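Residues per chain, in single letters:
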Amino acid sequence: PAFWGYRLLFNIKKKPELKDKKLRHAFAFSINRKELVEKVARGAAVEGSMGYLPVDHVWYNSRVKTYPFEPAKGKELLSGRKYSFTLLTGNSRDEVRIAELLKISLSIAGFNINVKSIDMKSRDAAVRSGDYEIALNGHGGWGSDPDMLRRVYSGTVRTDSSPSSDAIPGYSNSEINRLAMMQLREMNSKKRKEIIFRMQEIIAEEVPQVPLYNTKGYTVFRNKKYSGWRHMFDHHEVTHNKLSYIKI
């Protein structure tokens, strides 16, 4: 399952112009996520959902708003204004390649992107401290309990937390905050799912950040030797599941 992925983070606190939803929409329309899947992941991935929960998540909402690659639409939303951003990324081959492709596709709409590549630990530290304008980050955990929507979109930025769970600096939405607390307390699974679906729809409309793509995992094994490998419902590696090592 595609429970590991990349997302483009916005630091709205540091770049207040990102408070403009039209600008965030322009980003979404100007990023060629299909190209990222084909050229970087070599097809072993799925495009990110703008509602954040990936397509393999048990509570993924397929009705969320989508943003196909339409740089002309992005350019229209910019209304002739020019925006410059420094894109912070790690120094892995895939991240550098993603950053290069983002720079090219965003430039078509009129964005000027300066790529700053540093080592992974320094990038993670910068994300935790908020020392970036926009940043590329990759991590797992995308198949976890959907309460992660509360932590990411309604939480408080903590300098001691993992970059995978950081809130968005400078972003707040009262309706997302309200629904986030509702789902946290809702004991009825059906009702909670309805709330989570609504949260995804609002998040997709708001575009507080851009989920880029989620990678598929492949495991090769000799069936005659052992065939008891099992996936965890919320993870992407069969070797991480203790049940994979128990004969039943």
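Up top is the structure.
Residues numbered from 1 in each chain as written. Predicted model: local features only at pLDDT ≥ 70, side-chain atom pairs only at ≥ 80, totals over all residues. Heavy atoms only, no water.

## Remarks on a nonpolar patch on the surface
A contiguous nonpolar surface patch, about 330 Å² in accessible area, is contributed by Leu243, Ile246 and Ile248. When you line up the elements, Ile248 lands in the segment after strand S6 (210–215). (Patch = residues over 30% accessible without salt bridge, like charges linked within 9 Å, V, L, I, M, F, W, Y side chains within 5 Å. Areas by Shrake-Rupley, 256 points an atom, 1.4 Å probe, with all protein chains shown as cover. Salt bridge = Lys/Arg side-chain N within 4 Å of Asp/Glu carboxyl O. Helix = DSSP H or I, 4+ residues; strand = E, 2+ residues; numbered from the N terminus.)

## Digging into unusual backbone geometry
A positive phi angle, close to 85 degrees, is found at Tyr52, a residue other than glycine. Secondary-structure assignment places Tyr52 in the loop between strand S2 (45–47) and helix H3 (71–78).

## Some remarks on the side chain of Gln200
Tracing the backbone shows Gln200 in helix H8 (residues 189–206). The class for Gln200 is buried, based on a relative accessible area of 0%. In this structure the side chain of Gln200 is engaged in a polar contact, spanning 2.8 Å, whose partner is the backbone oxygen of Trp59. Setting aside residues no more than four positions away along its own chain, Gln200 makes contact with Gly51, Leu53, Trp59, Tyr60, Asn61, Val64 and Leu149. (Buried < 20%, exposed > 50% of the residue type's maximum accessible area, 1.4 Å probe, protein only. Polar contact = N/O pair within 3.5 Å; in protein donor to acceptor, adjacent residues only side chain to side chain. Contact = heavy atoms within 4.5 Å.)

## Some remarks on the packing of helix H1 (residues 21–29) against H3
Helix-helix packing is characterised by the crossing angle of the two axes and by the distance between the axes. Across the interface, H1 lies against H3 with an axial gap of 8 Å and an inter-helix angle of 165 degrees. Relative to H3, the element H1 is oriented roughly antiparallel. Note on packing geometry: the crossing formed by H1 with H3 is left-handed. On H3, the residues touching Lys22, Leu23, His25, Ala26 and Phe29 of H1 are Pro71, Lys73, Gly74, Leu77 and Leu78. (Axes fitted to C-alpha atoms, helices over the stretch in contact; angles between N-to-C directions. Parallel < 35°, antiparallel > 145°, perpendicular 65-115°, else oblique. Left-handed = near helix turned anticlockwise from the far one by under 90°.)

## With respect to the pairing of strand S4 (residues 111–117)
Looking along a regular strand, one sees the side chains alternate between the two faces of the sheet. Pairing analysis gives seven bridges linking strand S3 (residues 83–89) to S4, with the strands arranged parallel. By the bridge assignment for S4, Leu88 is matched with Lys116. Crossover handedness for the path S3 to helix H4 (residues 93–109) to S4: right-handed. (Pairing = 2+ DSSP bridges. Right-handed = clockwise from strand over helix to strand, strands pointing away.)

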